[in-house]
Every structure is written in C-alpha cells, then in structure tokens.
Amino acid sequence: QVVIMPEGPELFLASIFINSVSQNRHFGGRVVKSDVSRNPEVAWQSEVYHLQAVARGKELKVTLCDGEVQKTGEKTLDIVFRFGMSGTFKFTTVDELPKHSHLRFFTISEEIPMVLSFVDQRRFGRWEVGGTWGFDRGPDPMWEYQSFRENVITSLHSPAFNKPICEAMLNQKYFNGIGNYLRAEILFRCSIRPFDEAREVLSELKPVSKWYEAQTKQKSGNKSEMNPDILDFCHIVPKEVIHLSGGGKGYNVDPDADDNEYKEFRAWLRCYNQDGMRNMVDHNGRTMWFSGNPGRLIPKDVSSRGKVERKRMKSNSLNENVEEDERSEPEKKLSMTKQEKTRNKKENTINSHKTSKKHKVLKNESDREKSISKPERKRRNSKFKLPESAPATNSNKEEATDTTASQTARQPTTCTAPTRRSSRQKKIK
C-alpha cells in the first residue's frame, strides 16, 4: 500500500466530502475536542447549525453557520485546517468513533447518532479558530492558475529559487498544494532533473502560457508552442488526481484505510515509489523519486531510501548505460543495492575485528616484555652479545677460541664480526 501525505488534491477532495456529508443534514450542540490534542478549543454552541467547506492548496476552511440554512447576518465561525502528515475527515456513527479523532461535529435529528471527525494519527495537523488563509501561502495552482504563474515568475529573484527545483517546489509560498508525490510526478513528466537550480529551470518560462490559453479559449495553433511547461503541469497533474475514475485516490491518507481506495491511484503513479526509479534524500530530509541524472546540486552526503531495481536499469539503451557508468562517485553510491551495502558492512566489521585482534596481541607481548625483571633482561641480552676478546696468554687464547667455536655452533644464524687485537696482544705475538 502506498501511503501518501495529504497534498492539494487530498484537501480539495476533503472539502467535497464534508459538503456531501453536510448536505441535508443538521449538526447541533458543541464542537468537542479530544483531551490529547494541543490545538485550541472551539468555542461554539448552537442548537442547529450546518457546515460548508472550501480548500485552497494545503489549507481547508470549514465554516460553521448557525441555523438550518444560511441567512444573511447569521452567526458564523471559520476553522482553518492544515492536515500535517496524516490528517483526514471521517463520518461514522458515534459508537464507531475513530481512535485518533481530535475534533468532532455531532449530527442531530437522526435515528442513529453520527459524527464528523477530524482524524489525525500522527498529530501534526493543526486548526486555527476564526482563522483565514495563511499569509505565507501562495495561490492554488489548480483553481488560481494565472495568479499562481505570475507569483512564481515575478519572484525568481528570491533566494528560495537558489535551491534545487525539487526543493523549491515544496515552498508553499509559491507552490501551494504541491507536495512530495506531486513534485516527483511533475518533474518526471517534464523530464527535468530534480537537483538543477530552480531559477535556471524557471527563468526560460514566459509570463503567459500558450498551452493554458489554448485550453481555456479553445484556440488552435502550432502544437510545438502548446506543449505544457513545468508550471502548466503543476495545474494538470493535481487535477488528474481529483478526477481519477472509480473513486480513485479518494482523499483518505489513513494508514488503516482499505487498500481498494488506493488501487486506481497506484495505477496512475508513474514515478513516485515505482519499481526501477531512483530516489535521493534532499537537503530537507525528504525522499525525491526520479529517473536518470539527478542534477548538479545533489546533497554532499548522498543517501537513498527503499529499493532500486538494477535489472530494469540495465535494460535501458546503450547511451543510458554509458551515462550510468560516467556518474560521479557520490551518485554511484546511490545505485548500490541493499545486498551490496550489507556485504560491505560485514567485510568492514570482519576487517576491524582482525585489526583490533592484531593490536591486542602486540599489546600483550609488549606488556609481557615490560614485566620481565632487569637482571633477567640482562641475562637474555647477553646471549646475543658478541664475544669480547681480552688480554690472555696462549693457553687462555686457545680456551677463548674453543669457547667462541662452541658458541658459534650453538648459534648458527648469528654473524660474528672479526675480533680486533689490542696493542698488548700484538707485542706478545
């Protein structure tokens, strides 16, 4: 199962879900927050109210409206949700309240009491009572495309675009709603290297997209001028997700969700978490999936996650194989299989044990040598000392010669140097 963190399409689908649940239903009483949530309490109390929801990028605004139908001047309250890593909405019976339900809206006038819950297993989700769209969030590329494009192109002087394009696309000030799986799919469709500088990639784009004009005004023209660029794909790809047939992705990102909810979505994915694709951890610690050359701004400490199938990479064309061989050393580390890494780790462990054992033996010999007493050390050294000649008579000289010969026989490997005669010996002779 591919578990996806909520991005622009998921929040838009969540707004559709809330509106469909709220249609022809009424809610009442107070809004209940769980005891473990660190988010603020929702000070709302009404006998009857209804809900409306709208999404913009990675934000969702739920409006509580007093009364059965919305009337001018009626009391309202906006709650802005940011889903974090696992936020989602579920509609269940009160008896089947989800385990990680942190904010609850209860229905009234129904035979079986129902509850609409904001469920967040990892608790990174946030809500703001009486809030509005974040000031640090840009236009939504799905529904505010022209404003989105203008915001990006007029801001290329910003330091945010000094980063690799894959990291700049996670900046919600310019790419509101684009997340990890969307950036991988968009860059893959555009054949753009993920770690090329964002400013270099975007500086060639024009303020007006001919492709978008042709789509909205149904104009005919040269097909080569109507190929979508990277900003166009930021508009195209998220819309493909929300229009998947058969329920498709839905918007449920709960790890315990039924696997059938992801069937259509998994079939739609081309790059993200797919067999044969490569991945690299970017400077923010997020996994970037891609194919081919990653680009020149790769992190210094290259690392990857998951499994990369080398068999599929070997079946590429000859040019791709040559390009694979000419990669730099950091990039070659990326393509090492898990088995190779495990084998290298075992070899390094064995070598380190051998080295430590050798040092331990040498250390023991040194300690043993130090423990020998001084007289014993002198006695041992005297065995290997060369025999010294001393003044002697002819008889003593013969005895010394016999002694030297016997020592030489016992020490065949010791080389004896010629004895130097003293002046007294020369006179005796």
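Residues numbered from 1 in each chain as written. Predicted model: local features only at pLDDT ≥ 70, side-chain atom pairs only at ≥ 80, totals over all residues. Heavy atoms only, no water.

Chemist: Looking at this model, I keep getting lost on the nonpolar core. Mind explaining?
Modeler: Side chains that are nonpolar tend, in soluble globular proteins, to be buried together. Residues Phe175, Ile186, Leu202, Ile230 and Leu231 are the most contacted members of the largest nonpolar core, which totals 48 residues. Of all the elements in the fold, those that place two or more residues in this core are α2 (145–153), α3 (165–168), α4 (180–190), α5 (198–202), α6 (210–217), α7 (230–242), α8 (263–268) and β11 (287–290). The biggest single contributor to this core is α7, with seven residues. Excluding residues that lie within four positions of it along the chain, Ile230 makes contacts with Ile165, Met169, Ile186, Leu187, Cys190, Ile192, Val201, Leu202 and Leu205. (Core = buried A, V, L, I, M, F, W, Y, C linked by side-chain atoms within 4.5 Å. Buried < 20%, exposed > 50% of the residue type's maximum accessible area, 1.4 Å probe, protein only. Helix = DSSP H or I, 4+ residues; strand = E, 2+ residues; numbered from the N terminus. Contact = heavy atoms within 4.5 Å.)

Chemist: It is not clear to me how the sheet that holds strand β5 (residues 76–82) should be interpreted in this structure. Could you clarify?
Modeler: The strands making up a sheet associate through hydrogen bonds between their backbones, and the pairing can be parallel or antiparallel. Spatially, β1-β3-β4-β5-β9 is the arrangement adopted by the five strands of the open sheet, whose pairing is antiparallel. Among the strands making up the open sheet, the edge pair consists of β1 (27–30) and β9 (126–129). Averaged over all adjacent pairs, the angle separating strand axes in this sheet is 35°, with direction ignored. Inspection of the sheet shows strand β3 (residues 45–56) paired to strand β4 (residues 59–66) by eight bridges, in the antiparallel sense. Pairing of Tyr49 across the sheet is with Asp66, part of β4. Lying over the sheet, helix α1 (residues 8–22) contacts β1, β3, β4 and β5, oriented at roughly 150° with respect to β3. (Pairing = 2+ DSSP bridges. Axes fitted to C-alpha atoms, helices over the stretch in contact; angles between N-to-C directions.)

Chemist: Even after reading the chapter, I still don't get α6, so can you show me in this structure?
Modeler: Given 3.6 residues to a turn, an α-helix orients residues that are three or four positions apart in the same direction. If you check which residues of α6 are buried, you get Trp211, Tyr212 and Ala214. Within α6, the buried residues cover an arc of 160° as seen down the axis, which keeps them to one side. Sitting at the head of α6, Ser209 places a side-chain oxygen 3.4 Å from the backbone nitrogen of Trp211. (Arc of directions from axis to C-beta. Polar contact = N/O pair within 3.5 Å; in protein donor to acceptor, adjacent residues only side chain to side chain.)

It is worth stressing that arrangement in space is one thing and function is another; only the former is reported here.
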